[in-house]
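The lines below spell out each chain.
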Amino acid sequence: MSAVLNPDLNINSEEISRHVVLVDATTNQGVYDKKFERAFVHMIENPDDKGLISTHLFYDIPRARSTTFSQLSYDARSILSGGHAWERRVEEAIQGQDQAGFWSKDQSVTAHAIKHGLMDKLPKGFIKFVSYGGGDIHAFSGNELQIIEATFNERKEDIVEFCAVDILERFAFNCAIATRNAYGIKSRGVLGDFIYNGHLAIPDTKGTPVIMIFGGPFENTPFIKNGPSPIDISALAWAKMNIQHGLGSVVIKTFDTNQSPDLKNGPYAPRKNFEAFLLSAFARATQQGVINDPQYDVFEHWKITSEFNQDLKSIELAATCKIDHDIMIANKLRSFAKDEKRVITLSHKWDEATQISIAQRAGFDVEIYREPGNTNLLMVAQAVRKPNADLQKLLAPR
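Residues numbered from 1 in each chain as written. Predicted model: local features only at pLDDT ≥ 70, side-chain atom pairs only at ≥ 80, totals over all residues. Heavy atoms only, no water.

Peer 1: Go over the overall build of the protein chain, please, and point to the residues and values.
Peer 2: Within the protein chain, the regular secondary structure consists of 12 helices and 12 strands. Relative to a compact globule of 398 residues, whose C-alpha radius of gyration would be 21 Å, the protein chain shows 22 Å and is just as compact. Within the span of the protein chain, comprising 398 residues, buried residues form 52% of the whole. If you take every contact in the protein chain between residues at least 6 apart in sequence, the share linking residues at least 24 apart comes to 73%. Accessible surface computed for the protein chain: about 18700 Å², of which carbon and sulfur atoms make up 51%. The averaged location of the 49 negative side-chain charges in the protein chain is 3 Å from the averaged location of its 44 positive side-chain charges. (Helix = DSSP H or I, 4+ residues; strand = E, 2+ residues; numbered from the N terminus. Rg over C-alpha atoms; globule rule 2.2 N^0.38 Å. Buried < 20%, exposed > 50% of the residue type's maximum accessible area, 1.4 Å probe, protein only. Contact = heavy atoms within 4.5 Å. Areas by Shrake-Rupley, 256 points an atom, 1.4 Å probe, with all protein chains shown as cover. Lys, Arg positive; Asp, Glu negative; His and termini not counted. Charge placed at Lys NZ, Arg CZ, Asp CG, Glu CD.)

Peer 1: Please provide a residue-by-residue account of the packing of aromatic side chains, values included.
Peer 2: Considering all chains together, one arrives at 15 aromatic pairs under this definition. Relative to Phe-364, the ring of Trp-238 has its centre 4.9 Å away and its plane inclined at 75°; by these criteria the two rings are edge-to-face. Taken together, the residues span a long stretch of sequence, with Trp-238 in helix 8 (residues 230–245) and Phe-364 in strand 11 (residues 364–369) at a distance of 126 residues. Like Trp-238, the residue Phe-364 is buried in the burial classification. The rings of Phe-36, Phe-40, Phe-282, Trp-302 and Phe-336 are connected pair by pair, giving a single aromatic cluster. Between the NZ or CZ atom of Arg-89 and the centre of the ring of Phe-274, over which it lies, the distance is 3.7 Å. Lys-206 extends its terminal NZ or CZ atom over the ring of Phe-126, reaching a point 4.1 Å from the ring centre. (Phe/Tyr/Trp six-rings, centres within 6.5 Å; stacked < 30°, edge-to-face > 60°. Lys NZ or Arg CZ within 6 Å of the ring centre and 35° of its normal.)

Peer 1: Lay out the nonpolar core with the relevant residues and their values.
Peer 2: Phe-40, Ile-53, Phe-282 and Ile-344 are the most contacted members of the largest nonpolar core, which totals 47 residues. Put simply, the parts of the chain that give this core at least two residues each are helix 1 (28–45), helix 3 (82–94), helix 9 (272–287), strand 6 (302–309), strand 7 (314–321) and strand 8 (325–329). Not counting residues up to four positions away in its chain, the partners in contact with Ile-53 are Phe-36, Ala-39, Phe-40, Met-43, Ala-281 and Ile-344. Ranked by size, the runner-up nonpolar core spans 33 residues in total, among them Val-130, Tyr-132, Val-165 and Phe-364. (Core = buried A, V, L, I, M, F, W, Y, C linked by side-chain atoms within 4.5 Å.)

Peer 1: Can you explain the pairing of strand 6? Please cite residues and give values.
Peer 2: Looking down a regular strand, the side chains alternate between one sheet face and the other. When you tally the buried positions in strand 6, you get 6 out of 8 residues, the bulk of the element. Relative to strand 7, strand 6 runs antiparallel, the two sharing 8 bridges. When the bridges of strand 7 are listed, Ser-306 appears paired with Leu-317. Hairpin connection from strand 6 to strand 7: 4 residues lie between these consecutive antiparallel strands, with Lys-313 at a positive phi of about 55°. (Pairing = 2+ DSSP bridges.)

Peer 1: Quick one: what's the story with the environment of Gln-382, residue by residue and with numbers?
Peer 2: Among the structural elements, Gln-382 can be located in strand 12 (residues 376–383). The residues touching Gln-382, leaving out its near neighbours within four places in the chain, are Gly-248, Ser-249, Val-250, Gly-363, Phe-364 and Asp-365. At 3.4 Å, the side chain of Gln-382 and the backbone oxygen of Gly-248 are in polar contact. (Polar contact = N/O pair within 3.5 Å; in protein donor to acceptor, adjacent residues only side chain to side chain.)

Peer 1: Describe the packing of helix 8 against helix 11 (residues 352–361), with residues and values.
Peer 2: Geometry of a packed helix pair, given as the angle between the helix axes and the separation of the axes. Here helix 8 crosses helix 11 at 45°, and the two axes come no closer than 8 Å. Comparing the axis directions of helix 8 and helix 11 gives the class oblique. Where helix 8 crosses over helix 11, the handedness of that crossing is right-handed. For the pair helix 8 and helix 11, the contacting residues are Ile-231, Asp-232, Ser-234, Ala-235 and Trp-238 in the first and Thr-354, Ile-358, Ala-359 and Arg-361 in the second. (Axes fitted to C-alpha atoms, helices over the stretch in contact; angles between N-to-C directions. Parallel < 35°, antiparallel > 145°, perpendicular 65-115°, else oblique. Left-handed = near helix turned anticlockwise from the far one by under 90°.)

Peer 1: So what about the sheet that holds strand 5 (residues 250–256)? Which residues, and what values?
Peer 2: The strand order 3-2-1-4-5-12-11 describes an open sheet built from 7 strands, whose pairing is mixed. Looking at the sheet topology across the chains shown, the edges are occupied by strand 3 (187–191) and strand 11. The mean inter-strand angle of the sheet, taken between neighbouring strand axes irrespective of direction, is 20°. Two strands pair when backbone bridges link them, and strand 11 and strand 12 are joined in this way by 6 bridges, in the antiparallel orientation. From the neighbouring strand, Tyr-369 faces strand 12, where its bridge partner is Leu-378. This element, helix 6 (residues 144–155), spans strand 1 (127–132), strand 2 (159–166), strand 4 (208–213) and strand 5 of the sheet and lies at about 170° to strand 1. Lying over the sheet, helix 11 contacts strand 5, strand 11 and strand 12, oriented at roughly 150° with respect to strand 11.

Peer 1: Account for the sheet that holds strand 6, naming residues and giving values.
Peer 2: The 3 strands are arranged 6-7-10 in an open sheet whose pairing can be described as antiparallel. Unpaired on one side and paired on the other, strand 6 and strand 10 (341–348) mark the two borders of the sheet. Neighbouring strand axes in the sheet, compared pairwise and without regard to direction, differ in orientation by 25° on average. Sitting on the sheet, helix 9 is in contact with strand 6, strand 7 and strand 10, with an inclination near 105° to strand 6.

Peer 1: Run through the side chain of Thr-320, naming residues and quoting values.
Peer 2: As for its position among the elements, Thr-320 is in strand 7. A polar contact is formed between the side chain of Thr-320 and the side chain of Thr-305, at a distance of 2.7 Å. For Thr-320, the residues in contact, after removing those within four places along its chain, are His-301, Trp-302, Lys-303, Thr-305, Asp-339, Glu-340 and Lys-341.

Peer 1: Account for the state of the cysteines, with residues named and values stated.
Peer 2: Summed over the entire model, instances satisfying the criterion amount to 0 disulfides. Between Cys-175, a cysteine without a disulfide, and Cys-163, which holds the nearest cysteine sulfur, the sulfur-to-sulfur distance is 11 Å. (Disulfide = S-S within 2.5 Å.)

Peer 1: Any details on the side chain of Arg-342? Residues and values, ideally.
Peer 2: Summarising the element assignment, Arg-342 is placed in strand 10. What makes Arg-342 buried here is its relative accessible area of 5%. One polar contact links the side chain of Arg-342 to the main-chain carbonyl oxygen of Met-43, over a distance of 3.3 Å. Those residues within four positions of Arg-342 in sequence are excluded, and the remaining contacts are Met-43, Ile-44, Pro-47, Ala-318, Ala-319 and Phe-336.

As structure tokens, this is what we get:
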């Protein structure tokens, strides 16, 4: 009697494995580490300059064997890893454990826009969706995927592919996989800093790009005392988008117009996980050896405070020194006094007119969706002309 082979064990069965993701071996992470080091040291040496660290907070401290933080009483690698702390903050917001309602406001105005004609504003023919900074999978699912799903339900045959761009590789990969799994769309992840990078490594495929931006990354631009204004830096990022994706491309972007000083006591109050996210800059500096003490206890020396800057119309989230102390940073002894501050990030609350002006300078025509009772607005912008000459000059190779 001959044995009956399980078809799945037949070595001659049809090959069904497939290529899922290519992990490259470039030196990009080393480049980003150097950029972080320069930004961190600049922040330490120039306290009047604010918000230079925003992009660099989205980082996972490696779990590799090391004596760094080994003498601390808590797991600094986990608690002060920026990417994971951000995920915990979003999870808290979703579960209603704090007052951080930004994501629900974004999701609400997006649903409102979809009900009131947003799909009619998308390009005709083939579409390539691109996400800038989708980030945590929970936020991404409520924002970008809401738009992709509405499009898929109406015209799935027109969606060519999806590309997630993020400064944290894990976020880009997770968003790409989630989109592929939910809708069967060819998806890819790209590691990149869309505020400061030049050309992003997004393949040039068919389909008009539709870029989705939620959560306000273009509103986290820094204030540099002797440099371009936060508004100018945001306009430059818009101009890069125009040049990257070309005329006809469409941007769907939300922004928060709430300029109430009480924001510092609500969604921007420094609760546990939010504070860990913001102070992760010091932990990253320690892990990378910028702070020369491998056992530097961030929580012992710093806390986060929140203030509303009326001049900038921005929330300032600052690392505030808790005790006088000296520490070697970049091989130089630095002294910090109690209550001394370094602003980690800014969250600009520009009004509607300012937001429209920024996009228009970069060559976009703009329409706005407003939901009654919601301070978060949704912008639909189409690239119809080249960026203004002043922005093109700033972007020109030197």
